[in-house]
Amino acid sequence: KVPLIEAIFCGIKAAVLVIVIEALLRIARRALKVAEHWLIAGLSFVGIFFFAAPFPLIVAAAALHGFFRSSRTTAPGSVSMPAASIRQTLSTVGVWLAIWILPLLAVGAIAGRGHVLTELSIFFSKLAIVTFGGAYAVLAYMGQDVVVRTGWLEAGQMMDGLGLAETTPGPLILVTEFVGFLAAFRHGGGPALAMGLAGAAVALWATFAPCFLWIMAG
């Protein structure tokens with residue numbers, strides 16, 4: 001049965017590559033409407049591909065450009081929203097920040113500094129902060145780091161994960177749990193299955209808990 005499964009996955013990986021390329025083209029058609037947008041996208045590609053600029057730095061630079069650009073113009077049809085007090089907002093942020101961070105700190109305290117579970121907590125928390133634009137924006141950053149920088153997965157395993165995620169009815173972002181499972185399964189140093197499940201749980205929490213923070217604070 002294994003050769004059959006390998007053959008199926010080989011076909012899935014080819015199909016997933018086409019799906020990802022088509023998704024990127026579709027996003028580009030919707031997002032890159034004027035020459036300025038194309039210039040920003042081109043500079044971002046040069047910074048990442050040729051100069052290995054950190055992805056968070058690219059996002060921060062684009063955010064700063066958008067902030068100063070939008071401060072000079074008012075979007076047509078914009079609607080003013082009733083503002084919550086700063087005290088209410090800070091209280092909401094504090095509650096959801098604790099819900100997000102405290103379980104991950106507990107994992108780090110138990111596993112120890114430098115352990116793969118601690119590294120997964122940091123990595124996926126950072127991923128949740130700096131990646132905007134949907135799953136395909138997340139996957140580019142995640143795939144590069146887990147294969148090239150950390151070596152948690154091999155390139156073929158990452159493609160297998162994308163293939164599994166694309167063939168299931170759930171959201172594509174769930175591939176983060178696949179990455180967390182394999183990383184901890186291979187590098188956890190304890191009972192493999194238990195470590196893999198722990199890695200998947202850490203990836204799940206660090207990926208989705210911050211979403212509630214952004215929504216409630218907003």
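Residues numbered from 1 in each chain as written. Predicted model: local features only at pLDDT ≥ 70, side-chain atom pairs only at ≥ 80, totals over all residues. Heavy atoms only, no water.

S.K.: Residues and numbers for the environment of serine 91, please.
M.R.: Within the element layout of this structure, serine 91 appears in helix H4 (residues 86–111). In this structure, the C-alpha to C-alpha distance between serine 91 and alanine 217, residues 126 residues apart in sequence, is 9.1 Å. (Helix = DSSP H or I, 4+ residues; strand = E, 2+ residues; numbered from the N terminus.)

S.K.: Describe in detail the packing of helix H6 (residues 135–149) against helix H8 (residues 175–187), supporting the description with residues and values.
M.R.: Packed helices, taken two at a time, are described by their axes: the angle between them and the distance between them. Running from amino to carboxyl end, H6 crosses H8 at an angle of 10°, the nearest separation of the two axes being 12 Å. Classified by the angle their axes make, H6 and H8 are roughly parallel. Residue-level contacts link Leu139, Met142 and Val146 of H6 to Val175, Thr176 and Val179 of H8. The class makeup of the residues in the contact of H6 with H8 is five nonpolar, one polar and no charged. (Axes fitted to C-alpha atoms, helices over the stretch in contact; angles between N-to-C directions. Parallel < 35°, antiparallel > 145°, perpendicular 65-115°, else oblique. Contact = heavy atoms within 4.5 Å. Nonpolar A, V, L, I, M, F, W, Y, C, P; charged D, E, K, R; others polar.)

S.K.: Got a sec to walk through the layout of surface pockets? Specific residues and values, please.
M.R.: In this structure, the largest pocket occupies an estimated 1700 Å³ of space. Around the largest pocket sit 38 residues that line it, and Leu24, Phe55, Tyr136, Ala137 and Ala140 are the ones nearest its centre. Listed by contribution, the elements that provide at least two residues to the lining of the largest pocket are helix H1 (2–31), helix H2 (35–49), helix H3 (55–71), H6 and helix H7 (155–167). Classifying every residue of the lining of the largest pocket by side-chain character gives 31 nonpolar, seven polar and no charged. (1 Å grid on protein atoms, 1.4 Å probe; cavity = no way out; pocket = protein on both sides within 12 Å on 5 of 7 lines; lining within 4 Å. Points joined across faces, edges and corners; volume = space filled by probe spheres on them.)

S.K.: A description of the nonpolar core should follow, citing residues and the corresponding values.
M.R.: In this structure, Leu120, Phe124, Met142 and Trp152 are the most contacted members of the largest nonpolar core, which totals 37 residues. Listed by contribution, the elements that provide at least two residues to this core are H1, H4, helix H5 (116–130), H6, H7, H8 and helix H9 (192–217). For this core, the element with the highest residue contribution is H5, accounting for seven residues. When neighbours within four sequence positions are excluded, methionine 142 is seen to be in contact with Phe123, Phe124, Leu127, Met158, Val175, Thr176 and Val179. (Core = buried A, V, L, I, M, F, W, Y, C linked by side-chain atoms within 4.5 Å. Buried < 20%, exposed > 50% of the residue type's maximum accessible area, 1.4 Å probe, protein only.)

S.K.: Please provide a residue-by-residue account of the side chain of serine 121, values included.
M.R.: Mapped onto the elements, serine 121 comes out in helix H5. Of the polar contacts made by the side chain of serine 121, one reaches the backbone oxygen of leucine 117; its length is 2.9 Å. Ignoring any residue separated from it by four or fewer positions in sequence, one finds serine 121 in contact with Leu104, Val107, Val202 and Ala206. (Polar contact = N/O pair within 3.5 Å; in protein donor to acceptor, adjacent residues only side chain to side chain.)

S.K.: Describe the pattern of salt bridges, with residues and values.
M.R.: Tallied over the entire structure, the rule returns four salt bridges. In this structure, arginine 149 and aspartate 145 form a salt bridge, with 3.0 Å as the shortest nitrogen-oxygen distance. Remark: aspartate 145 and arginine 149 occur in helix H6; sequence separation between them is four residues, near one turn of the helix. Relative accessible area serves as the criterion here: at 52%, arginine 149 is assigned to the exposed category. Under the relative-accessibility criterion, aspartate 145 is labelled buried at 9%. (Salt bridge = Lys/Arg side-chain N within 4 Å of Asp/Glu carboxyl O.)

S.K.: Explain H7 residue by residue, including any values.
M.R.: The terminal C-alpha atoms of H7 lie 19 Å apart, and with 13 residues this matches the ideal 18 Å at 1.5 Å per residue to within 8%. Taken together, the buried positions of H7 are Met158, Gly161, Leu162, Gly163 and Ala165. Looking at the packing, one finds that the buried side of H7 touches H1, H6 and H8. (Expected span 1.5 Å × (residues − 1).)

S.K.: Outline unusual backbone geometry, listing residues and values.
M.R.: Notably, alanine 52 is not glycine yet its phi reads approximately 50°, a positive angle. Looking at where alanine 52 falls in the secondary structure, it is placed in the loop between H2 and H3.

Interpretation in functional terms is not warranted from these geometric data alone.
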